[in-house]
Amino acid sequence: MSYWFYFNFILFCLLLWKVASHFSFPLLKIHIIFGAIGFLFFLYNWTRNAVFSTIRQAKDRQIKIKLANLSRKAMPYHRWTGTLALVFILLHGIAVWNTFGFTWQNGKMMFGLLALLNLIAMVATGWLRLVKPSGKMRRLHLRLGILLFFLIGIHLLL
Ligand code: HEM
Ligand code: HEM
């Protein structure tokens, strides 16, 4: 099993901890609900990376085939769940700006904004690679995903 499953699990625990310790818990504010839903769509799509790297590492051919079939079954949803992640994070950003206004002084807001720009690039490269597949787009889509993982991690921690 790829280490990415553990990393993703840790990020998921970080989300649960941060949401549960928000002052508005359990009657969560709308910007937190949008952020958490967007996060879940992101993590669903990002788990594809953990599955792919497990396939690459697996020595047993039967396991490789099983995982590849599972991954293929999830693929038709991938483009929509990825796009929905962007929609919910845009709603999260709009709700945050309505509540707190905008400032360059706040680290959480800055890393949120960087994560949003990264997510836009992620969705754009996803659609580009679907329309016109290329090795360059594949690597870019994957590297943007790794960067986004860390940006979201910092955004939650701050
Ligand atoms: C991929 C992008 C993003 C994800 C996955 C995300 C996710 C989340 C989640 C789950 C929370 C609640 C947990 C916590 O307080 O740490 C949160 C809080 C917050 N987010 Fe985001 N966010 C993203 C982008 C943004 C953007 C674009 C902004 C706006 C500039 C932003 C600003 C904030 C702020 C200010 C809070 C704290 C709200 C509070 O304490 O009431 N985030 N984010
Ligand atoms: C949150 C947003 C997204 C994330 C985190 C994400 C993540 C990933 C990952 C990890 C892979 C496997 C990488 C590899 O080739 O090794 C992948 C593949 C792919 N993604 Fe995305 N993606 C996102 C959004 C999108 C969107 C919106 C589309 C739109 C069409 C898309 C299209 C694709 C395509 C066509 C593949 C190749 C699938 C295959 O070879 O079976 N992605 N994505």
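Residues numbered from 1 in each chain as written. Chains lettered and ligands numbered in written order. Predicted model: local features only at pLDDT ≥ 70, side-chain atom pairs only at ≥ 80, totals over all residues. Heavy atoms only, no water.

In the annotation of an unreviewed UniProt entry, the protein is listed under the name Cytochrome b561 domain-containing protein and assigned to Compostibacillus humi.

**Regarding the coordination of the iron atom of ligand 1**
For clarity, the cut-off: Only nitrogen, oxygen and sulfur atoms qualify as donors, provided they sit within 2.8 Å of the metal or within 3.2 Å for Na, K and Ca; with water excluded from the atoms, sites may seem incomplete. Angle rules define the geometry names used: all angles between 85 and 135 degrees makes four donors tetrahedral, while opposite donors over 155 degrees apart and all other angles between 65 and 115 make four donors square planar and six octahedral, leaving every other case irregular. Each helix corresponds to a stretch of at least 4 residues labelled H or I by DSSP, and each strand to a stretch of at least 2 residues labelled E; elements are numbered beginning at the N terminus. Buried residues are those whose accessible area, probed at 1.4 Å on protein chains only, stays under 20% of the maximum for their type, while exposed residues exceed 50% and partly exposed ones sit between those limits.
Surrounding the iron atom of ligand 1 are the protein donor atoms His92 (NE2) and His155 (NE2), which sit 2.0 to 2.1 Å from the metal. Given six donor atoms and angles of 87 to 180° at the metal, the environment of the iron atom of ligand 1 is assigned as octahedral. Placement of histidine 92 in helix 3 (residues 61-100) and of histidine 155 in helix 5 (residues 135-157) is noted, with a sequence separation of 63 residues between them. The exposure class of histidine 155 is buried, given its relative accessible area of 17%.

**Things to note about the UniProt feature "transmembrane region" (unreviewed entry) in the protein**
The cut-off we apply is this: UniProt positions are given in the numbering used here, feature names are shortened, and annotations may be inferred rather than shown by experiment.
Here, the residues flagged by UniProt with the feature "transmembrane region" (unreviewed entry) are residues 31-55, 76-97, 109-128 and 140-157. Secondary structure content for residues 31-55 is 100% helix and 0% strand, while the C-alpha to C-alpha distance between its ends is 37 Å. Between the first and last C-alpha atoms of residues 109-128 the distance is 28 Å; the span itself is 100% helix and 0% strand.

**Observations concerning the packing of aromatic side chains**
For the record, the criterion: Stacked, tilted and edge-to-face are the three classes assigned to paired rings of Phe, Tyr and Trp, where Trp is represented by its six-membered ring and a pair needs centres within 6.5 Å; plane angles under 30 degrees give stacked, over 60 edge-to-face, the rest tilted.
Taken as a whole, this structure holds nine aromatic pairs when the rule is applied. Their ring planes at 90° and their centres at 5.4 Å tell us that tryptophan 4 and phenylalanine 7 sit as a pair that is edge-to-face. Residue tryptophan 4 and its partner phenylalanine 7 are both found in helix 1 (residues 3-20); the two are separated by three residues, about one turn of the helix. According to the relative accessible area criterion, tryptophan 4 is buried, its value standing at 16%. Taking the relative accessible area as the measure of exposure, phenylalanine 7 reaches 39% and is therefore partly exposed.

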